[in-house]
Amino acid sequence: MIKSWMVIGGVAFLVALAANVITPSDRQWFKRLQRPRWLTFEGAIPVIWTVIFICGAWSAYIVWEKDPGSTSTWLIMGLYLLLEIVTIAYTPVMFKLRSLKVGTILGGTGFIICALLILAVLGFSGWAALLLVPYLLWSPIGTYTTWQMIALNPQDA
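Residues numbered from 1 in each chain as written. Predicted model: local features only at pLDDT ≥ 70, side-chain atom pairs only at ≥ 80, totals over all residues. Heavy atoms only, no water.

A.B. asks: It is not clear to me how the environment of W64 should be interpreted in this structure. Could you clarify?
C.D. replies: Mapped onto the elements, W64 comes out in helix α3 (residues 45-66). W64 has contacts with S4, I8, G69, T73, W74 and M77, leaving out every residue within four places of it along the chain. (Helix = DSSP H or I, 4+ residues; strand = E, 2+ residues; numbered from the N terminus. Contact = heavy atoms within 4.5 Å.)

See the structure below:
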């Protein structure tokens, strides 16, 4: 029998693979952009997001195990999926459209979805809600960074 954590982890992994649709010219566009001087931790960003995604998957697992298969659980799983899709979409969509505004909007949208998800999850498990807090704390930093880059790169807004 397939375990719920395997399905949740597998779906999270498959959605994350969608971020790999970036072409070399998309990467070049982003690499040439100016960044805020205070952005000294750019190399740690992939590790930070990996931890956040693991926390999100763990949170989803807890919720699923509390009430497997119920309508409310499926709706919450849909919110988890939407949050991951919006988060993963940030890079390929912003790169393809070459628009920092789009990145800022996607970052803000992820924050709002996560806040709503925390409220929905609280009724299932405080631990599941707590595991979403890293997203809620980190996503404004990424969104603010992208917003700051608009001022530094107005031609790429």
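A.B. asks: Can you help me understand the environment of A19 in this one?
C.D. replies: Along the chain, A19 turns up in the loop between α1 (4-17) and α2 (24-31). A sequence separation of 136 residues divides A19 from Q155, and the C-alpha atoms of the two residues are 24 Å apart. Each residue touching A19, except ones within four places of it in the same chain, is listed here: I88 and P92.

A.B. asks: Can you help me understand the UniProt feature "transmembrane region" (unreviewed entry) in the chain in this one?
C.D. replies: Residues given the UniProt feature "transmembrane region" (unreviewed entry) here are residues 6-23, 44-62, 74-93 and 105-138. As annotated, residues 44-62 has a helix share of 95% and a strand share of 0%, and its two end C-alpha atoms lie 27 Å apart. As a span, residues 105-138 carries 85% helix and 0% strand, and end to end its C-alpha atoms are 15 Å apart. (UniProt positions renumbered as here; feature names shortened; annotations may be inferred.)

A.B. asks: For this particular structure, what's the right way to read unusual backbone geometry?
C.D. replies: Excluding glycine, most residues fall at negative phi; most peptide bonds, likewise, are trans. Phi is positive for R98, which is not a glycine, with a value near 50°. On the secondary structure map, R98 appears in the loop between α4 (71-97) and α5 (100-122).

A.B. asks: Please explain the environment of I105 as it appears in this structure.
C.D. replies: If you trace the backbone, I105 turns up in helix α5. Looking at I105, the relative accessible area reads 57%, which means it is exposed. Placed 76 residues apart in sequence, I105 and W29 show a C-alpha to C-alpha distance of 19 Å. (Buried < 20%, exposed > 50% of the residue type's maximum accessible area, 1.4 Å probe, protein only.)

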